[in-house]
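Overview (structure and organization)
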Amino acid sequence: MESILKGITLLRGVHYACIYQEGKEPVSTFPDEMSASMNLSHDLIDQIFSALKAIDKSHNEIYFSMGDRFLVGYLMHETCIAILLTDKKINFPLVHMGIKSASAKIQRKIKEEQQEKIARLAPQQVAAEQVPPTDEELQPVLDQLSTILKKYLGPAAIFVFEDDVKKWKKTYIQSHENLPHLVEIIKQELDPNKEQADFYQQAKIVIDDFLDS
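Residues numbered from 1 in each chain as written. Predicted model: local features only at pLDDT ≥ 70, side-chain atom pairs only at ≥ 80, totals over all residues. Heavy atoms only, no water.

1. Concerning the overall build of the protein
- When helices and strands are counted, the protein shows eight helices and five strands.
- Mapped from its N terminus to its C terminus, the protein presents α and β elements in the order α-β-β-α-β-β-β-α-α-α-α-α-α.
- Viewed in the frame of its principal axes, the protein has a C-alpha envelope of about 60 × 45 × 30 Å.
- Here the protein holds 213 residues, and 36% of them are scored as buried.
- Long-range pairs, those at least 24 residues apart, make up 51% of the contacts in the protein between residues at least 6 apart in sequence.
- Surface exposure of the protein reaches about 13,100 Å², of which carbon and sulfur atoms provide 53%.
- Charge-centre separation for the protein: the mean point of 24 positive side chains lies 5 Å from the mean point of 32 negative side chains. (Helix = DSSP H or I, 4+ residues; strand = E, 2+ residues; numbered from the N terminus. Buried < 20%, exposed > 50% of the residue type's maximum accessible area, 1.4 Å probe, protein only. Contact = heavy atoms within 4.5 Å. Areas by Shrake-Rupley, 256 points an atom, 1.4 Å probe, with all protein chains shown as cover. Lys, Arg positive; Asp, Glu negative; His and termini not counted. Charge placed at Lys NZ, Arg CZ, Asp CG, Glu CD.)

So this is what it looks like as structure tokens:
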């Protein structure tokens, strides 16, 4: 986490940053005298994200104005939050790119930790069966679902699909068995009168073929 944190603090306009991961000590560049305030801020931000999730909202960033600076909370993973103290006049698109990259690294790191934990707690054969498939293994079926969605939404489908996959990953383990949940999330983007049923039937064929292969 230290290397990921260092990458975030190198972003121009970011003064301090802290990463909180559930069950672990936070890693931070905030001065010691600010640590207590950051812990309180983390608790508040965590409660807000939890409340948003409870009402099916997918917001993953929160801004608090503090004079000429922002205190920004980012949901990097369902078990990980980053808090940044930034200038108000900052290149936020650049910061968002940096946070997106850091989030991907954190998600990979957490996934690796989960797989290592499974391997330690179960016999090797059972552990191998329980390890979730890699993104590469699921990518063919994801590509096919994205292609189907393009028939209804055109070029915009790629952005809608990416957002829906993120929602799916936040709520469900990335496994073959949970692909139908992704279909249900995507289905909500379509006209309920006809498009939803058509999409569901085509998606079901793709998933069934994938599971049988």
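2. Topic: the side chain of T86
- Assignment of secondary structure puts T86 in strand β5 (residues 80-87).
- Sequence-distant contacts of T86, defined by excluding residues within four places in its chain, comprise G13, V14, H15, R69, F70, V72 and F92.

3. Some thoughts on the nonpolar core
- Within the largest apolar cluster, 23 residues are counted, with the highest numbers of intra-cluster contacts made by I8, I19, Y74, M76, L84 and I106.
- Of all the elements in the fold, those that place two or more residues in this core are α1 (2-9), β1 (14-21), β4 (69-77), β5 and α3 (92-121).
- It is α3 that contributes the most residues to this core, six residues altogether.
- Not counting the four nearest positions on each side in its chain, I106 is found in contact with M1, I4, I19, M76, H77 and C80.
- Counting residues in each nonpolar core, the second largest holds 21 residues, with L138, L145, L179 and V206 among its members. (Core = buried A, V, L, I, M, F, W, Y, C linked by side-chain atoms within 4.5 Å.)

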